[in-house]
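Per-entry structural report
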Amino acid sequence: METFRISVLVSGNGSNLQCIIDAVEDGRIANSKIVGVISSSENAYALERARQHEIPAAAVTKYEYADMRDRMDAILKILDGEHPDLIVLAGYLSILPAKVVEKYRGRIINIHPALLPKFGGKDFYGIHVHEAVLAAGEKESGATVHYVDEGVDTGKIILQEKVPVLPGDDPQTLRERVLEIEHKILPEAIAMIEKARH
Ligand code: GAR
């Protein structure tokens, strides 16, 4: 069977990238290879994680490519060279240019640290999601893996799992509880897609 080619987009620490690397290496995601990592930030630790595993890694930043079209072309050029079967936004905190979504429609997924459709959209990313969940007095939160469409966090849901919000939680403790679930459902979702490819 042909290798399932995965491109990963990141912005920061890259713990979700790491859980994909681990799942590919230990066979939970079968017949696959991470063919490249693109970061929206030059200083992302995720780039270091990629290099440690000899995965080609590049940064395409707003500073280097101030014009959105140039940034889009740079991302597309790298992705097109990687021939991905699946593009995973794993803690990618920029909005993916529409042309990329159009070209790879149905082959891009995102992990979001909340129970979509709640707490999704352009202002909800990273720690802000957990701040908003706590401010709203929610009793539960969770993580969602979904397909990416032209909207922000609006595409079809693939997997979702809940965690409780506990008395005394702050954004950091909630973030950690949700992150554990992210690291579980992201490789599961990728494995499901890989299995269903034919
Ligand atoms: C994760 O919690 C991910 O769900 C979130 O950023 C964090 C990145 O952590 N993504 C979003 O908020 C997207 N809207 P990581 O760099 O350790 O994977």
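For the structure, check the block above.
Keep in mind that what you see is a predicted model, and the values were worked out from it rather than measured.

1. Side note on the overall build of the protein
The helix and strand inventory of the protein stands at six helices and seven strands. What you see in the protein, going N to C, is helices and strands ordered as β-α-β-α-β-α-β-α-β-α-β-β-α. By the compact-globule yardstick of 16 Å for 198 residues, the protein fits well, its C-alpha radius of gyration being 16 Å. In terms of overall dimensions, the protein has C-alpha extents of about 50 × 40 × 30 Å along its principal axes. Per-residue burial for the protein yields a buried fraction of 48% across its 198 residues.

2. Structural notes on the pairing of strand β5 (residues 108–112)
Within β5, five of the five residues are buried, leaving the element largely enclosed by the surrounding structure. Taking every second residue as pointing to the same face, both faces of β5 are buried, with Ile108, Asn110 and His112 on one and Ile109 and Ile111 on the other. With four bridges connecting them, β5 and strand β6 (residues 140–147) associate as antiparallel partners. Paired with histidine 112 across the strands is threonine 144, a residue of β6.

3. Some thoughts on the site of the ligand
The environment of the ligand is formed by 14 residues, the closest being Gly14, Ser15, Asn16, Gly126 and Glu182. The separation between a nitrogen atom of the ligand and a polar side-chain atom of histidine 112 is 3.4 Å. In this structure, glycine 126 approaches the ligand through a main-chain N or O atom, which is 2.8 Å from an oxygen atom. In isolation the ligand exposes 450 Å². Once the protein is present, 90% of that is buried. For the shell around the ligand, the secondary structure elements donating two or more residues are α1 (15–25), β5 and α6 (171–195). Partitioning the shell around the ligand into residue classes produces six nonpolar, seven polar and one charged.

4. Let's talk about the packing of helix α5 (residues 127–135) against α6
For any two helices packed against each other, one specifies the crossing angle of their axes together with the interaxial distance. Contact pair α5 / α6: the axes reach a minimum separation of 9 Å and the direction vectors enclose 110 degrees. In terms of orientation, α5 lies roughly perpendicular with respect to α6. For the crossing formed where α5 meets α6, the hand is right-handed. Here α5 contributes Ile127, His130, Glu131, Val133 and Leu134 to the contact with α6, which in turn contributes Pro171, Gln172, Leu174, Arg175 and Val178. Across the contact of α5 with α6, the residue classes tally to six nonpolar, two polar and two charged.

5. Focus on the pairing of β6
Among the eight residues of β6, six are classified as buried, and the element is accordingly described as predominantly covered. Direction of pairing for β6 relative to strand β7 (residues 157–164): antiparallel, over a ladder of seven bridges. Bridge pairing in β7 places glutamate 140 opposite proline 164.

Rules used in this analysis
- Residues numbered from 1 in each chain as written.
- Predicted model: local features only at pLDDT ≥ 70, side-chain atom pairs only at ≥ 80, totals over all residues.
- Heavy atoms only, no water.
- Helix = DSSP H or I, 4+ residues; strand = E, 2+ residues; numbered from the N terminus.
- Rg over C-alpha atoms; globule rule 2.2 N^0.38 Å.
- Buried < 20%, exposed > 50% of the residue type's maximum accessible area, 1.4 Å probe, protein only.
- Pairing = 2+ DSSP bridges.
- Near = heavy atom within 4 Å.
- Polar contact = N/O pair within 3.5 Å; in protein donor to acceptor, adjacent residues only side chain to side chain.
- Areas by Shrake-Rupley, 256 points an atom, 1.4 Å probe, with all protein chains shown as cover.
- Nonpolar A, V, L, I, M, F, W, Y, C, P; charged D, E, K, R; others polar.
- Axes fitted to C-alpha atoms, helices over the stretch in contact; angles between N-to-C directions.
- Parallel < 35°, antiparallel > 145°, perpendicular 65-115°, else oblique.
- Left-handed = near helix turned anticlockwise from the far one by under 90°.
- Contact = heavy atoms within 4.5 Å.

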